[in-house]
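Summary of the model geometry
Given next are the chains, with one letter for each unit.
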Amino acid sequence: MRKKFICGNWKMYKTTASALEFAEDFKKIYKPKEGIEVAIGAPFTQLKALKEAFKGTEVAISSQNIHWEDEGAFTGEISAPMLKEIGVDYAIIGHSERRQYFGETDETVCKRALKALEYGILPIICVGEKLEERDAGTHFDLVRRQCEYFLDRMTKEQAACITIAYEPIWAIGTGRTASPEQAEEMCAFIRGMAREIHGHELADKLIIQYGGSVKPANAHELLTQPDIDGALVGGASLKPDDFLAIINY
Ligand code: PGA
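Quick summary incoming for the structure in this document. It should be emphasised that the depicted structure is a prediction, and the values quoted were computed from it without experimental measurement. (Residues numbered from 1 in each chain as written. Predicted model: local features only at pLDDT ≥ 70, side-chain atom pairs only at ≥ 80, totals over all residues. Heavy atoms only, no water.)

1. Considering unusual backbone geometry
Of note in the backbone geometry, Lys 11 takes a positive phi value of approximately 50° without being a glycine. Along the chain, Lys 11 turns up in the loop between β1 (4-9) and α1 (16-29). By relative accessible area, which is 18% here, Lys 11 ends up buried. (Helix = DSSP H or I, 4+ residues; strand = E, 2+ residues; numbered from the N terminus. Buried < 20%, exposed > 50% of the residue type's maximum accessible area, 1.4 Å probe, protein only.)

2. Some points on the packing of aromatic side chains
Overall, the coordinates contain eight aromatic pairs when judged by the stated rule. With a centroid separation of 6.4 Å and 75° between ring planes, the pair formed by Phe 26 and Phe 54 is classed as edge-to-face. Of the two residues, Phe 26 is situated in helix α1 and Phe 54 in the loop between α2 (44-53) and β3 (59-63); the sequence distance between them amounts to 28 residues. Taken together, a centroid distance of 4.9 Å and an interplanar angle of 65° make the contact between Phe 140 and Phe 189 edge-to-face. Of this pair, Phe 140 sits in helix α7 (residues 139-152) while Phe 189 sits in helix α9 (residues 180-198); the two residues are 49 residues apart in sequence, bridging distant segments of the chain. In textbook terms, an aromatic cluster arises when at least three aromatic residues are bridged by ring pairs, as seen for Trp 10, Phe 22, Phe 26, Tyr 30, Phe 54 and Phe 243. (Phe/Tyr/Trp six-rings, centres within 6.5 Å; stacked < 30°, edge-to-face > 60°.)

Written out as structure tokens, the structure reads:
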């Protein structure tokens, strides 16, 4: 049985003060459950404080980016050693907002993921199509290209440490969720691709999340699909009650 993995993505929301308020409120209501991993993807300035606030709980902390070099002249970027130093567990990589607004490509996504793995930070790699691509029926080709790029460049051992988050761009922040069938279809397709490249054992273990307007009201039907192993949750992860309701889907 694969574990479920629910990760919040706070994007560019909250200050450290409001992040700590969230942590205090969430700790009061959250009880760890066997087989369900929980993480929060927060802005860089909040990571250290959140790591401390969640010490001794089972809530993991994720960054929302990570650079592919150990150090260097890369103004505005953050390195794996910097994140490792404060104990960051995961890194969200290649979110569609990064691909769309900050020039992230399949190549930079892959380089970032490989560097994270080198430092024992677990990549959550985001893939997903635009509405035009779905309407044109090219969404499988696009997601295949995005996933193949990094799966081909990883060993089976490396691929065993990643999470893939399928997030159709037309469902992100729009309130328009993919139907459970649409989400399942693509997550199963991704698992099949991982099987072709790295074999059954890896594919059966691979954690594949769905993301895009996941909320308490639709979490159950999405998270009970056979190939959906969790969720990457934006808007609904900002409030402790909503986030918890998704975890308790
Ligand atoms: P949303 O965002 O849940 O607000 O749609 C998901 C994401 O961007 O990861």
